[in-house]
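# Commentary on secondary and tertiary structure
Now for the letters of each chain:
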Amino acid sequence: MMLYLSGMAAGLLLMVWSADRFVDGAAATAKHLGMPPLLIGMVIVGFGTSAPEMLVSAMSSLQGNPGIALGNAYGSNIANISLILGLTALISPINANSKVLKTELPILTLVTAVAVYQAFDKVISTYDAVVLLVIFCVFMGWSVIKGKQETTDSFAGEVELNVESKTMGIGKAVFWLVIGLLLLMASSRLLVWGAVNISRLLGVSDLIIGLTVVAVGTSLPELASSLMAARKGEHDIALGNVLGSNLFNTLMVVGIAGSIAPLEISPEVLQRDMPVMGGLTLSLFIICYGFKGRQGRINRYEGLGLLISYVAYSLYLIGSCVNLK
């Protein structure tokens, strides 16, 4: 047991560190190549912060552990909204200023609705996975267009300041881009190995492990980035990290895992996890979009509510494991 726990812990720590290096290297490389700041924030950073989820779910699918693959993706979405935005808003209320991010809010809500619809037949088939990947490609095309057009967006300004504060030469940027990716792959494999063996020893489903330890672990890069952004008053980065990550998780992470092998969906996912993910996504849309001229904003009370919802969800998961035994 200690060997597997140590392996999982080492995988999580290495993943957080390597994900940070990978994102910094990718953003700096994109900057050297002349990519607009908004495009860096929407595509490069979004891809980088979701790289842990993508690699873990792909590894899990290859090894025949669909519970970890799905639990990781959907559990990360739940943690991103309730845990990360909840904690971030408690530190500093999050104002939704960016027009681009406000456009992403209804897109994420619709994409989540598609994910819920696909789950009704209790399997993410190859066809479902292809549909998700096609939607992801369309979203990427829209992101490229917006990234080139909305040069004065507040999100673009915050990303530009953030990238410039971490200046590095092109050689160093490419080095960290490659090394970060290689270490992410190694740490993902180590994490999945530890998680699968621990779930077997404890008699807990790999879905529960994926929804809890693995999901929170792969969301740590977003947590660190959002908390740092909140302390600097970079509200759009804090919100953009979560929106981008959830879109990538729902479309690309599940899409890649499902294209490797069909993912069976247990009744618990339909009855428990999908409603929680859908409800949190809808709540985020209502809170942040800003209807009737109201400024979209997550205040401290709403942040506390999100955090309490995550604690309640986690306790319910733990309780379900106890009841099974």
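Attention in this report is confined to the structure presented alongside it. Because the structure is a prediction, the values reported are computed rather than measured.

Rules and cut-offs
- Note on numbering: residues in each chain are counted from 1, in written sequence order.
- The predicted nature of this model means local features are confined to residues of pLDDT at least 70 and side-chain atom pairs, given and counted, to a pLDDT of 80 or more, with totals for whole chains, interfaces and linings taken over all residues.
- To obtain the side-chain values, all non-hydrogen atoms of the structure were included, while hydrogens and water were left out.
- A cavity here means a set of 1 Å grid points, computed over protein atoms only, where a 1.4 Å probe fits but cannot escape. A pocket is an open set with protein on both sides within 12 Å along at least 5 of 7 lines, and lining residues have an atom within 4 Å of a point.
- Grid points are joined across faces, edges and corners, and a volume is the space filled by probe spheres set on the points.
- A helix here means a DSSP run of H or I that spans at least four residues, while a strand means a run of E at least two residues long, and both kinds are numbered starting from the N terminus.
- Buried Ala, Val, Leu, Ile, Met, Phe, Trp, Tyr and Cys residues that are joined via side-chain atoms within 4.5 Å together make up what is termed a nonpolar core.
- Any residue under 20% of the maximum accessible area for its type is buried, any over 50% is exposed, and the rest in between are partly exposed; the area is computed with a 1.4 Å probe on protein chains only.
- Contacts are residue-level and defined by heavy atoms, with any inter-residue pair within 4.5 Å sufficient.
- By this rule the span expected of a helix is its residue count minus one, scaled by 1.5 Å.
- Axes are fitted to the seven residues ending at a residue and to the seven starting at it; the angle between these axes is taken as the bend at that residue.
- Any Phe, Tyr or Trp ring, taking Trp's six-membered ring, that has another such ring centre within 6.5 Å forms a pair; planes under 30 degrees apart are called stacked, those over 60 apart edge-to-face, and the others tilted.
- The rule for a salt bridge is simple: a side-chain nitrogen of Lys or Arg has to be within 4 Å of a carboxyl oxygen of Asp or Glu.
- A fitted line through C-alpha atoms represents every axis, and for helices the fit uses only the stretch in contact; the resulting angles, taken between N-to-C directions, go from 0 to 180 degrees.
- Each angle is binned into one of four classes, with values under 35 degrees roughly parallel, values over 145 roughly antiparallel, values of 65 to 115 roughly perpendicular, and all other values oblique.

## Here's the deal with empty space enclosed by the protein
Enumeration according to the criterion identifies one cavity of 30 Å³ or more in this entry. By volume, the largest cavity is sized at about 70 Å³. If you go around the largest cavity, the residues you meet are Gly41, Met42, Val45, Gly46, Thr49, Leu101, Glu104, Phe155, Gly240, Asn241, Gly244 and Ser245. For the lining of the largest cavity, the secondary-structure elements that each account for two or more residues are α2 (37-62), α4 (99-119) and α9 (235-260). Examining the composition of the lining of the largest cavity, we find that five residues originate from one element, α2, more than from any other.

## Considerations on the nonpolar core
With 74 residues, the main nonpolar core has Tyr74, Leu85, Leu239, Val254, Leu284, Cys288 and Ile298 as its most contacted residues. Setting aside residues no more than four positions away along its own chain, valine 254 makes contact with Leu70, Ala73, Tyr74, Ile124, Leu132, Asn249 and Leu263. Judged by nonpolar contacts, the second largest core, of 18 residues, contains Leu12, Ala19, Phe22 and Val214.

## Concerning α9
The end-to-end C-alpha separation of α9 is 37 Å, in line with the 38 Å expected for 26 residues at 1.5 Å each. Maximal helix bending in α9 amounts to about 40°, located at asparagine 249. Burial of α9 is extensive: 23 of the 26 residues sit out of reach of the surface.

## Focus: the packing of aromatic side chains
Inspection of every chain in the model, using the stated rule, returns six aromatic pairs. Ring geometry for phenylalanine 136 against phenylalanine 248: centres 5.1 Å apart, planes inclined by 75°, an arrangement best described as edge-to-face. With phenylalanine 136 in helix α5 (residues 126-149) and phenylalanine 248 in helix α9, this pair connects stretches of sequence that are 112 residues apart. Each member of the pair, phenylalanine 136 as well as phenylalanine 248, is classed as buried. Members of the aromatic cluster, connected to one another through ring pairs, are Trp17, Phe175 and Trp176.

## Overview of the pattern of salt bridges
A complete count under the given rule lists two salt bridges for this structure. Where aspartate 24 meets arginine 21, a salt bridge forms, and the shortest distance between an N and an O atom there is 4.0 Å. Note that aspartate 24 and arginine 21 are positioned in helix α1 (residues 2-32) at a spacing of three residues, about one turn of the helix. Each member of the pair aspartate 24 and arginine 21 is classed as buried. For aspartate 273, the salt bridge is made with arginine 272, and the minimal N-O distance between the two is 2.8 Å. Each of the two residues, aspartate 273 as well as arginine 272, counts as buried.

## Here we look at the packing of α4 against α5
Between α4 and α5, whose axes approach to 11 Å, the crossing angle comes to 175°. The pairing of α4 with α5 is recorded here as roughly antiparallel in orientation. Note on element contacts: α5 touches α4 through Asp128, Val131, Leu132, Ile135, Phe139 and Trp142, opposite Val100, Thr103, Glu104, Ile107, Val111, Val114 and Gln118.

## Quick notes on the environment of phenylalanine 155
Its location among the elements puts phenylalanine 155 in helix α6 (residues 154-164). Looking at phenylalanine 155, the relative accessible area reads 3%, which means it is buried. In this structure, the C-alpha to C-alpha distance between phenylalanine 155 and serine 205, residues 50 residues apart in sequence, is 40 Å. The residues contacting phenylalanine 155, other than those within four sequence positions of it, are Leu38, Gly41, Met42, Ser98, Leu101, Asp236, Ile237 and Gly240.

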